[in-house]
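If you want the building blocks of each chain, they are given just below.
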Amino acid sequence: MMVDDEPLIRKAVSFEMNERGSNATIGSERTSFSTIGSECTSFAEVECHSGDFSTELRRVEMVDTFASGPSLMAALETAEVPDYVLVDMEFQGEPTGGLLITRRLHERYPSVKIIIFSGRFDNPLASEDNRARRINEIGSVVMEALRLGASAFVSKNAAGGFSIENILRAIACLERGEQFYFNYPVMLTLKEAAEHWFDLVGPQAAIEVTEKERQLLLLEAAGCTASEISNQLGESDKAIQEHQKDLSQRFDIVNKSAARVAKALSLGLISPGDVKFLSR
């Protein structure tokens, strides 16, 4: 099935998948079209490889298309649940409307593999203004879609023009048992997003803390006052303040309890499960 608010896209994909008769070769996966019955109805087929290196030909049929998420979900109440759903990302001007559809679809029908089919994730041109911001924005949306249940990303604007071969390649990969599939422009964008993120963050040097400093951080995370921390660790208030100041300097943050706790958690120096809250 497919959900996309552009009628032309819905018709084009349905035609390519269900009515066009052709043959194509893509990498190691062969896609073909076979004529079935006297009406010459053609269906796309993908060749899938199993664990024992044997191959199996699977027919791919577009069962139905929908213009909105609600219409798709309503149809699934009575229709046979498909193996795959193509989900557009942008709906009626909402850039990430497909995320809501992805979440609802995955929550209600977890067996369905969701393929995001969108031109939104293509790699921006080198001359585009605010390129770094655009790269990070795309990367964050892709990661959110993965978290919500998407399995593959296929660009509408792939090299060579519109073709269902990119969709069939994604299906073939997922049928082979691969967890995710990314079409080339999406992969390139994600690569640049990751590289830019690491350039911004930079390598973080390992920071070591003593066991007493770790206990201090755990007590701060539990919301203890300076006096309570002093009593728990058996040191003076002034000594505790010096420990706190030293930790903040080593963490390169402002000398605030909340900032120290957040930094310690991000560095893995303390774990939420180790925090023991005092009764009040």
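Our structure is the block above this text.
The paragraphs below set out a description of the structure included in this document. Not measured: the values here are computed from a predicted model.

A short note on the side chain of serine 155
Line of reasoning, step 1. Tracing the chain through its elements places serine 155 in strand E9 (residues 150–155).
Line of reasoning, step 2. Serine 155 gets classed as buried once you look at its relative accessible area, which sits at 3%.
Line of reasoning, step 3. In this view, serine 155 contacts Phe117, Ser118, Asp122, Asn183 and Pro185; residues no more than four positions away in its chain are not counted.

Topic: helix H5 (residues 165–175)
Line of reasoning, step 1. Summarising burial for H5: 8 of the 11 residues are buried, a large majority.
Line of reasoning, step 2. Among the residues of H5, those classed as buried are Asn166, Ile167, Leu168, Ala170, Ile171, Ala172, Cys173 and Leu174.
Line of reasoning, step 3. Directly beyond the C-terminal end of H5, a positive phi value near 105° is found at glycine 177.

Structural notes on helix H9 (residues 237–251)
Line of reasoning, step 1. Over its 15 residues, H9 runs 21 Å from end to end, which matches the ideal 21 Å to within 8%, given 1.5 Å per residue.
Line of reasoning, step 2. Taken residue by residue, H9 has Ile240, Gln244, Leu247, Ser248 and Phe251 as its buried positions. Buried residues in H9, looked at end-on, bunch into an arc of 100°, giving them a common side. Turned more than 90 degrees away from the buried face of H9 sit Lys238 and Gln249, all of them exposed.
Line of reasoning, step 3. On the buried face of H9, the contacting elements are helix H7 (211–221), helix H8 (226–233) and helix H10 (257–266).
Line of reasoning, step 4. The positive-phi residue at the C-terminal boundary of H9 is aspartate 252, with phi of around 60°.

Concerning unusual backbone geometry
Line of reasoning, step 1. Non-glycine residue aspartate 252 carries a positive phi angle of around 60°.
Line of reasoning, step 2. With respect to the element layout, aspartate 252 can be found in the loop between H9 and H10.

Overview of the nonpolar core
Line of reasoning, step 1. Counting residues in each nonpolar core, the largest one holds 29 residues, and the members touching the most others are Leu105, Phe121 and Phe153.
Line of reasoning, step 2. Taken together, the elements giving at least two residues each to this core come down to helix H2 (69–76), strand E7 (84–87), helix H3 (97–108), strand E8 (113–118), helix H4 (131–148), E9 and helix H6 (184–201).
Line of reasoning, step 3. If near-sequence neighbours (up to four positions away) are discounted, phenylalanine 121 is found in contact with Met89, Ile116, Ile138, Val141, Val142, Phe153, Pro185, Val186 and Thr189.
Line of reasoning, step 4. Core analysis: the second largest hydrophobic core is formed by 20 residues, Ile164, Cys173, Leu174 and Tyr181 among them.

Conventions used here
Residues numbered from 1 in each chain as written. Predicted model: local features only at pLDDT ≥ 70, side-chain atom pairs only at ≥ 80, totals over all residues. Heavy atoms only, no water. Helix = DSSP H or I, 4+ residues; strand = E, 2+ residues; numbered from the N terminus. Buried < 20%, exposed > 50% of the residue type's maximum accessible area, 1.4 Å probe, protein only. Contact = heavy atoms within 4.5 Å. Expected span 1.5 Å × (residues − 1). Arc of directions from axis to C-beta. Core = buried A, V, L, I, M, F, W, Y, C linked by side-chain atoms within 4.5 Å.

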